[in-house]
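Close look at the chain arrangement
As a plain string of letters, each chain reads:
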Amino acid sequence: MVRYGMVIDLKRCIGCQSCTVTCKQENGTPRGIFYTKTLVKEEGKFPNVKRTFLPVLCNHCEEAVCKKVCPTGATEQREDGIVLVDNEKCVGCRACYVACPYKNRYYLPKDDRLKKGYFGKLTPFEEIKYRNFKEGTVVKCTFCHERVDRGLDPACVDVCPTNARKFGDLDDPKSEVSILLSERNHFQLLPEMGTKPCVYYLP
Amino acid sequence: MTETARVVVKFFGFIMDVVKKPEIEVEIKEECSVMEFVHRLADMFGDRFRERVLTDCGEIRDHVRISIGKEMVDKEDYEKRLIKPGMNGEAFKLFVFSSQMGG
Amino acid sequence: MGQEIVHKEEWVVSACNLDYNACGIRVKKENGIVVKIEGNPESAIGKGRLCPRGSAGLQILYDPNRVNKPLIRTNPEKGLNVDPKWKEISWDEAMNIIVEKLKEIRETDPRKLVMQGTTTAANTFLGMGMAFQEAFGTPNEFYGGGGLHCGNGAHLVNGVYHASWSLVPDFDYCNLAIYFGASKGHGAGHNANSIMLQAADARVRGMKFIVVDPHLGRAGAKADKWVPIIPGTDSALALGMVNLLINEFGVYDAEYLKLKTDAPYLVGPDRRYLRDRETGKPMIWDPVDERAKVYDDETIRDYALEGVYEVDGVKCKPVFQILKEHVSRYTPERVEEITTVPKETVVELAREFGEKAMIGSTITIGGKSYPYRPVAAIYFRGSQGHKNSVYNCISVELLNQIVGSADVPGGALGFNSVCFGYPETGKPRWEPKKGKDGFMMTGTWVVPHHQPFPIPEPRKPQKMGLNDLFPSAMHSFVYGAPDQEEIWQEFRLEYRPSVIINFGSNAVMSVGDPEPIAENLKKYDFIISFDIYLNEFTNGFADLVLPDACYLERLDPSPNYPPILNHPGGLGKWTYQIRQPVVKPLHDRRSYSEVLLEIAERLGLREALYETLNIKFELEGKYRLDPERKYTWEEICDLVLKNKFGDDKGLEWFKEHGALTWEKKPDEVYWRWRIDVRVPLYWEFLYDLRDKARKIVEELGARANIDWSFYEPLPDFKPCPSHEMEDEEYDLYGFYYREIRHTNSFTMQIPWLDEVSVNDPYTYNIEIHPETARKKGLRDGDLVWVENPHGSRVKGRIRFTEGIHPKALGFAACAGHWCDCQPIAKGKGIFFNKLLRVDWNHVNPVNLNLDLCVKLKIYRAE
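The text that follows walks through the structure, step by step, so that each part is easy to find. A quick note: this is a predicted structure, and the numbers were derived from the prediction, not measured. (Residues numbered from 1 in each chain as written. Chains lettered and ligands numbered in written order. Predicted model: local features only at pLDDT ≥ 70, side-chain atom pairs only at ≥ 80, totals over all residues. Heavy atoms only, no water.)

**Examining the packing of aromatic side chains**
- Per the stated rule, a full pass over the model turns up 54 aromatic pairs over all chains.
- Considering the side-chain rings of Tyr576(C) and Phe645(C), the 4.9 Å spacing of their centres and the 65° angle between planes classify their relative orientation as edge-to-face. Note that Tyr576(C) is positioned in strand E26 (residues 573-577) and Phe645(C) in helix H23 (residues 633-645), a separation of 69 residues in sequence. Grouping residues by exposure puts Tyr576(C) and Phe645(C) together as buried.
- In textbook terms, an aromatic cluster arises when at least three aromatic residues are bridged by ring pairs, as seen for Tyr161(C), Tyr265(C), Tyr273(C), Tyr295(C), Phe439(C), Phe453(C), Tyr682(C), Trp683(C) and Phe685(C).
- Of note, Arg52(B) hangs over the ring of Phe14(B), and the distance from its end group to the ring centre comes to 3.8 Å. (Phe/Tyr/Trp six-rings, centres within 6.5 Å; stacked < 30°, edge-to-face > 60°. Helix = DSSP H or I, 4+ residues; strand = E, 2+ residues; numbered from the N terminus. Buried < 20%, exposed > 50% of the residue type's maximum accessible area, 1.4 Å probe, protein only. Lys NZ or Arg CZ within 6 Å of the ring centre and 35° of its normal.)

If you want it as structure tokens, here you go:
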């Protein structure tokens with residue numbers, strides 16, 4: 001079985017947000033919607049201070065609570081583990097949004113952002129991309145499943161200037177992600193929630 | 001002696017404010033080196049030309065380029081390369097760049 | 001969902017232009033609409049990856065705020081907040097106006113033209129823009145703050161020591177890099193994107209980074225150690241380290257110093273090199289034969305580095321001896337006083353640098369043995385952007401020179417100083433060569449017809465910036481000086497510039513205090529501006545705006561040439577690539593290069609322009625442009641490519657393949673010992689520059705206040721005006737830093753970049769230390785004024801961070817647009833440059849670099 005997952009090397013990440021931006025061009029997400037983004041944390045006191053960058057995205061959990069709570073079956077999980085929202089079935093109840101411990105789902109509100117885009121009127125790019133969105137539904141990272149189905153990495157992995165993100169089959173011991181996890185210390189976010197997230201971090 | 005003892009001289013670049021005309025003809029009686037020829041031009045046009053093209057020691061400045069017809073003259077050849085009357089109809093071209101460093 | 005079937009998917013290979021780095025890109029179109037920009041994995045430039053700016057580029061193409069038609073100003077009034085009342089006109093009308101204006105000054109005095117460019121699109125400007133300037137016959141060019149702020153010091157010093165535009169650690173083999181106000185590999189500067197990967201690989205490998213900087217920043221965040229420092233005091237710390245290395249620890253690479261530098265050159269009591277009477281060559285002392293010899297005498301058995309010698313009755317010392325004595329005053333205690341870096345840290349830094357240098361060790365790469373010095377001291381914008389610009393850079397560079405780590409494995413690499421060329425044609429090809437006194441001259445340089453060494457003779461100013469009187473200056477402050485007219489009168493400038501052709505520079509925001517710049521710009525008769533967006537410069541002062549093609553609509557035959565500017569350094573591959581239109585220019589937009597070509601034609605400058613392009617692009621034989629016929633820009637680009645790579649690799653080949661890539665050889669990267677050149681520790685030639693410049697200044701009777709003590713051959717710490725500020729009210733050092741998500745000022749109009757900037761704690765806010773704020777009764781997020789001693793002030797929100805020196809305030813990028821024509825950018829971030837003074841007192845007297853730190857007071861905005 002294939003189980004897709006991501007491994008993010010925090011030693012490499014410099015918080016440039018190229019992933020955030022390229023995700024926006026790949027997916028054409030409207031204003032305010034981020035399938036991925038990088039958080040900044042500062043610890044310590046001058047001059048012994050550490051600033052760390054933490055990219056976050058949907059964890060495509062093995063135990064996806066979002067799927068369990070969805071009343072309409074809009075949130076589905078593929079056999080390879082990718083969690084998707086079918087916006088034809090989504091009624092915008094936001095149960096998943098509340099249930100997700102990671103808060104990496106976004107509700108696309110019923111406002112003018114799909115009509116006005118980023119500039120006040122839609123660009124040709126936005127006209128193409130916004131066909132995939134429906135206001136009043138929940139949206140989230142798809143692991144770029146259309147790219148993955150064509151044998152490509154998700155856009156954020158492909159673009160990363162520091163090669164911090166790796167994508168692959170966690171069930172395949174020979175995949176780059178599995179090898180990294182076997183060689184280096186790693187952690188998942190909020191493992192205590194029992195969600196079995198498929199995004200791992202190398203400190 | 002060839003039928004014409006004139007050399008066509010064309011000026012390019014940051015020298016137009018000094019020479020005014022982009023092209024002149026200079027009469028020469030016998031062959032001379034590129035270096036001598038440039039000094040001769042400097043005598044014709046005066047100090048402003050001299051300052052623009054030559055160093056205090058009379059060397060051709062680094063940001064000056066010279067070609068005879070289509071062929072660039074190497075800096076090392078300024079003394080050796082000869083200007084001959086007529087020059088087979090080829091022009092002596094003097095380029096003055098504005099000696100800038102960059103960005 | 002009503003998904004439409006994609007009829008046509010197409011990929012076009014090209015080069016980015018969100019900054020000068022021009023990474024390889026591939027662009028996807030669906031039915032002719034650009035839907036995705038990715039890195040081109042075939043290109044060594046970017047290696048298939050993109051920085052956030054490159055990822056956001058397609059929003060430029062479709063921004064409805066773009067300029068789409070030529071615009072003529074109908075409001076004769078000009079000013080920072082004046083509505084120009086633009087009126088659309090046709091290209092025909094625009095061209096007629098331009099040709100008429102340019103004809104007039106070409107006939108009266110071509111010097112009146114100023115070509116103004118931007119570093120962002122340097123690789124476009126350096127092609128046709130500069131050729132047009134030379135063909136027209138004006139000595140005047142200006143690059144806005146992108147030039148004036150960033151490189152007069154660093155590029156000069158990198159050029160002299162490394163034959164390159166800039167400096168990187170050898171990420172493949174370096175074990176310790178100390179960054180002085182540089183962020184190489186962390187998002188800004190040369191090859192920003194490419195070297196992010198190299199630096200990340202180095203971190204994972206275990207290379208240690210130490211970052212000396214007033215704020216933590218992105219480089220500091222990823223570093224093993226952050227050393228906070230008072231802005232502009234880098235030279236004191238570096239000289240303190242040099243002092244410890246050579247006077248305390250006795251750590252230096254004697255062989256390197258003897259053979260690759262002027263360390264053994266003898267200096268007399270007049271502080272000049274002792275020269276051979278016959279040849280004029282500098283002399284050294286041979287301790288074996290116990291006599292002085294010229295430095296390149298083949299009988300030399302050894303070189304003395306220390307001691308006092310007598311030659312023909314003159315007492316003299318080797319440069320190294322003088323350096324030893326010179327740096328001895330930079331004790332750790334004194335360094336701490338100046339920099340606030342604790343003396344223990346100074347000692348620790350010097351010791352570690354010396355130990356990790358592994359002097360004497362070698363390494364085998366590609367079957368060949370090289371000296372191995374895995375340490376590098378790196379400097380750029382932060383350390384060089386001060387009144388002490390030149391000395392700050394030299395001081396840091398001395399660390400590399402003392403341990404012999406320049407351009408050897410593991411060390412500090414000037415990148416791409418050597419190129420053996422594409423194997424099939426041997427072109428392009430360059431390498432450094434020996435010049436006067438044995439010193440290195442660069443093999444290629446970003447701006448043609450000039451070399452960082454030898455610095456040309458000063459002469460009476462012909463350039464509006466006086467750069468020819470101060471010839472190590474690339475960029476000059478005079479453009480923005482409040483007393484510009486007085487300066488021109490003092491220095492007897494024979495003419496006054498009256499027409500500007502601007503290419504994308506927002507010089508009102510990028511230089512300094514905009515008020516005097518505004519007054520200076522009002523004096524121009526006519527300003528033509530090629531722009532993708534209207535901005536504060538165009539709206540305030542341009543008479544005619546031309547709708548420029550953006551990088552996705554434009555053809556450039558050499559976006560990464562010469563590679564000492566923006567091709568990744570170190571081992572790896574070479575790539576030559578082009579930039580080509582991904583879509584035809586939308587609306588009435590036209591490419592800058594094509595328009596200039598047409599203007600030149602209509603001005604009767606064809607022969608001048610073609611001959612200049614022949615020289616600039618080194619076109620030879622059948623590839624030369626023949627003034628007897630007329631070429632299109634495409635045809636010119638085709639010749640430029642075929643001239644380098646052969647008839648089968650012209651424009652058509654490059655349009656299809658995008659990038660030509662071949663292997664780099666270790667000898668191209670680690671060339672220092674292969675090429676017989678030396679570099680100066682002792683800049684004796686500054687005396688010649690000083691004497692000639694001072695003589696001219698005196699002859700002209702100019703009363704400018706020039707501090708000639710900056711022309712001493714050995715570097716010193718010299719204070720910025722901010723260090724000398726006595727009024728206690730102005731107690732904080734303001735500085736700005738380059739932000740990874742922005743290039744100069746124009747990227748703030750790109751919504752995706754704006755959005756991530758809004759979400760970032762620091763990009764649009766002022767970094768302040770919490771203790772500093774609390775003492776002033778300020779809270780995190782407060783709206784404040786920061787004000788300089790001259791009464792200029794800007795407003796912004798403060799953001800607490802432990803990652804800033806308690807005596808400093810950090811500002812990001814060049815933000816704070818106020819013009820309605822860029823609605824996304826308007827009102828975002830802080831316009832720090834407004835606080836900068838642009839005058840004699842705030843420039844380096846050698847290279848005219850602007851001082852970019854300023855003393856500020858801060859108070860809550862009501």
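Don't stop here, the text continues.
**Observations regarding the pattern of salt bridges**
Residue and element names in this part refer to chain C.
- Within the structure shown, the criterion is met by 105 salt bridges over all chains.
- Among the salt bridges present, the one from Arg272 reaches Asp691, with a minimum N-O distance of 3.8 Å. Residue Arg272 is found in the loop between strand E12 (266-267) and strand E13 (283-286), and its partner Asp691 is found in helix H26 (residues 685-700); the two are separated by 419 residues along the sequence.
- Among the ionic pairs, Asp667 bridges to Lys368, the shortest N-O distance being 2.8 Å. Taken together, the residues span a long stretch of sequence, with Asp667 in helix H25 (residues 666-669) and Lys368 in strand E18 (residues 368-371) at a distance of 299 residues. (Salt bridge = Lys/Arg side-chain N within 4 Å of Asp/Glu carboxyl O.)

**Considering the packing of helix H3 (residues 91-108) of chain C against helix H4 (residues 122-136) of chain C**
All names here are of chain C.
- Taken N-terminus to C-terminus, the directions of H3 and H4 make an angle of 45°; their axes are 11 Å apart at the nearest point. Considered as vectors, H3 and H4 are oriented oblique to each other. Side by side, H3 and H4 meet where Leu102, Ile105 and Arg106 of the first sit next to Phe132, Ala135 and Phe136 of the second.
- Residue composition of the contact of H3 with H4, by class: 5 nonpolar, no polar and 1 charged. (Axes fitted to C-alpha atoms, helices over the stretch in contact; angles between N-to-C directions. Parallel < 35°, antiparallel > 145°, perpendicular 65-115°, else oblique. Contact = heavy atoms within 4.5 Å. Nonpolar A, V, L, I, M, F, W, Y, C, P; charged D, E, K, R; others polar.)

**Looking at the sheet that holds strand E5 (residues 71-72) of chain B**
Residue and element names in this part refer to chain B.
- Read from one edge to the other, the open sheet built from 5 strands follows the order E2-E1-E7-E4-E5, with strand pairing classed as mixed. Two strands close off the open sheet at either side, each with one partner strand: strand E2 (23-27) and E5.
- In the sheet, strand E1 (residues 6-13) pairs with E2 via 5 bridges, with the strands oriented antiparallel. Among the inter-strand pairings, Val9 is bridged to a residue of E2, identified as Ile24.
- Sitting on the sheet, helix H2 (residues 34-45) is in contact with E1, E2, strand E4 (64-68) and strand E7 (92-96), with an inclination near 110° to E2. (Pairing = 2+ DSSP bridges.)

**Thoughts on the state of the cysteines**
- Under the counting rule described, the total for this entry stands at 1 disulfide over all chains.
- There is a disulfide in this structure between Cys819(C) and Cys821(C), and the S-S distance comes to 2.1 Å. In this structure the cystine formed by Cys819(C) and Cys821(C) twists about its S-S bond by roughly 95°; its chirality is therefore right-handed.
- Since its relative accessible area comes to 5%, Cys819(C) is described here as buried.
- Of the cysteine sulfurs around Cys90(A), a residue in no disulfide, the closest is that of Cys96(A), at 6.2 Å. (Disulfide = S-S within 2.5 Å.)

**Let's talk about the side chain of Glu802(C)**
- Tracing the backbone shows Glu802(C) in the loop between strand E31 (793-800) and strand E32 (808-812).
- Here Glu802(C) falls in the buried class, since its relative accessible area comes to 9%.
- Beyond its immediate chain neighbours, meaning those up to four positions away, Glu802(C) contacts Glu42(A), Gly44(A), Lys45(A), Phe46(A), Val49(A), Trp226(C), His769(C) and Pro770(C).

**As for the sheet that holds strand E10 (residues 208-212) of chain C**
All names here are of chain C.
- If you trace the 4 strands from one edge of the open sheet to the other, you get E11-E10-E9-E19, paired in parallel fashion. Of all strands in the sheet, those with a lone pairing partner are strand E11 (225-227) and strand E19 (375-379), marking the two edges. Pairs of neighbouring strands in the sheet enclose a mean axial angle of 15°, with direction left out of account.
- Relative to E19, strand E9 (residues 176-180) runs parallel, the two sharing 5 bridges. The partner of Leu176 across the bridge, within E19, is Val375.

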